[in-house]
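Each chain is listed here by its residues.
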Amino acid sequence: MKIRTYRPADCVPLMTLFYDTIHTVCTGDYTPAQLDAWAPADRDSAAWDRSLKSRTTLVAEENGQILGFGNIGPDGYLDLLYVHRDWQRRGVAAAICDFLETLYPVDRVTVHASKTARPFFEARGYQVLETRQAERQGQSLTNYLMEKELI
């Protein structure tokens, strides 16, 4: 597995991975309506590209196949971390996170983790600071503000 920086040509494949992962991996934790609100079928690729460029975005791939991606900003906020549904629990998210957590000289990393992702982050030493309700297209989705001390 190789981890590299985001390229604009990755945008549409990452949008597809995001959609597919949420609509398959997260089905045990959220309703179909919540999944549709979180990851709608039609997305704005230009807005996605701007968002992915606004933070350091890393892409994991093997033999040209994108396995997952994640991003973080200089403030230590880990905004996205998604792994292809066929590559779950194979170390992809951990490898991406290992890189992301060391990119900036910050004391802590924060993330808004889904119900599905919470156990992954807890296993990495993140603590829940707050249970939140994110509103998306009239749907309320539970997530967790989590933090990991790096020092």
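Note that the coordinates shown come from a computational prediction; the quantities given were computed from them, not determined experimentally.

J.: Lay out the nonpolar core in plain terms, naming residues and giving numbers.
T.: One finds L78, L81, V92, V111, F121, Y126 and M146 to be the most contacted residues of the largest nonpolar core, which totals 21 residues. Of all the elements in the fold, those that place two or more residues in this core are β2 (56–62), β3 (65–72), β4 (77–83), α4 (92–100), β5 (108–114) and β7 (139–149). With five residues, the single largest contributor to this core is α4. Once residues lying within four places of it in the same chain are set aside, the contact partners of V92 are M1, A60, L67, G68, V83 and W87.

J.: Go over the packing of aromatic side chains, please, and point to the residues and values.
T.: Where two aromatic rings form a pair, the distance of their centres and the angle of their planes describe that pair. Summed over the entire model, instances satisfying the criterion amount to seven aromatic pairs. Residues F18 and Y82 carry aromatic rings whose centres are separated by 4.9 Å and whose planes lie at 80° to one another, so their mutual orientation is edge-to-face. With F18 in helix α1 (residues 11–25) and Y82 in strand β4, the pair connects residues that are 64 residues apart, well separated along the chain. Classification of F18 as buried rests on a relative accessible area of 7%. Among the aromatic residues, ring-to-ring pairing joins F18, W48, F69 and Y82 into one connected group.

J.: Go over the sheet that holds β2 with me, naming the residues and quoting the values.
T.: Pairing in this open sheet of seven strands is mixed, and the strands run β1-β2-β3-β4-β5-β7-β6 from one edge to the other. Two strands close off the open sheet at either side, each with one partner strand: β1 (2–5) and β6 (127–136). Across the sheet, the mean angle separating the axes of adjacent strands is 30° when strand polarity is ignored. By the bridge criterion, five bridges tie β3 to β4 in an arrangement that is antiparallel. By the bridge assignment for β4, G68 is matched with V83. The sheet contacts of α1 involve β2, β3 and β4, and relative to β3 the element is tilted by about 90°.

J.: How would you summarise the pairing of β3 if you had to cite specific residues and measurements?
T.: In terms of burial, β3 is largely enclosed, as seven of its eight residues are buried. Note: β2 against β3, seven bridges, orientation antiparallel. Its bridge partner lying in β3, E62 is registered against Q65. The antiparallel pairing of β2 with β3 creates a hairpin that spans two residues between the two strands, and N63 there sits at a positive phi of about 50°. The hairpin formed by β3 and β4 contains four residues between the paired strands, and G76 there has a positive phi angle of roughly 85°.

J.: An account of the state of the cysteines is needed here, citing residue identities and associated values.
T.: Tallied over the full model, the rule gives zero disulfides. With no disulfide of its own, C11 lies closest to C26 among cysteine sulfurs, the gap being 20 Å. Among the residues examined, C11 registers a relative accessible area of 5% and is labelled buried. Counting only cysteine sulfurs, C26 is the nearest neighbor of C97, a cysteine outside any disulfide, at a range of 16 Å. Owing to a relative accessible area of 0%, C97 belongs among the buried residues under this scheme.

What counts, and where the lines are drawn
- Residues numbered from 1 in each chain as written.
- Predicted model: local features only at pLDDT ≥ 70, side-chain atom pairs only at ≥ 80, totals over all residues.
- Heavy atoms only, no water.
- Core = buried A, V, L, I, M, F, W, Y, C linked by side-chain atoms within 4.5 Å.
- Buried < 20%, exposed > 50% of the residue type's maximum accessible area, 1.4 Å probe, protein only.
- Helix = DSSP H or I, 4+ residues; strand = E, 2+ residues; numbered from the N terminus.
- Contact = heavy atoms within 4.5 Å.
- Phe/Tyr/Trp six-rings, centres within 6.5 Å; stacked < 30°, edge-to-face > 60°.
- Pairing = 2+ DSSP bridges.
- Axes fitted to C-alpha atoms, helices over the stretch in contact; angles between N-to-C directions.
- Disulfide = S-S within 2.5 Å.

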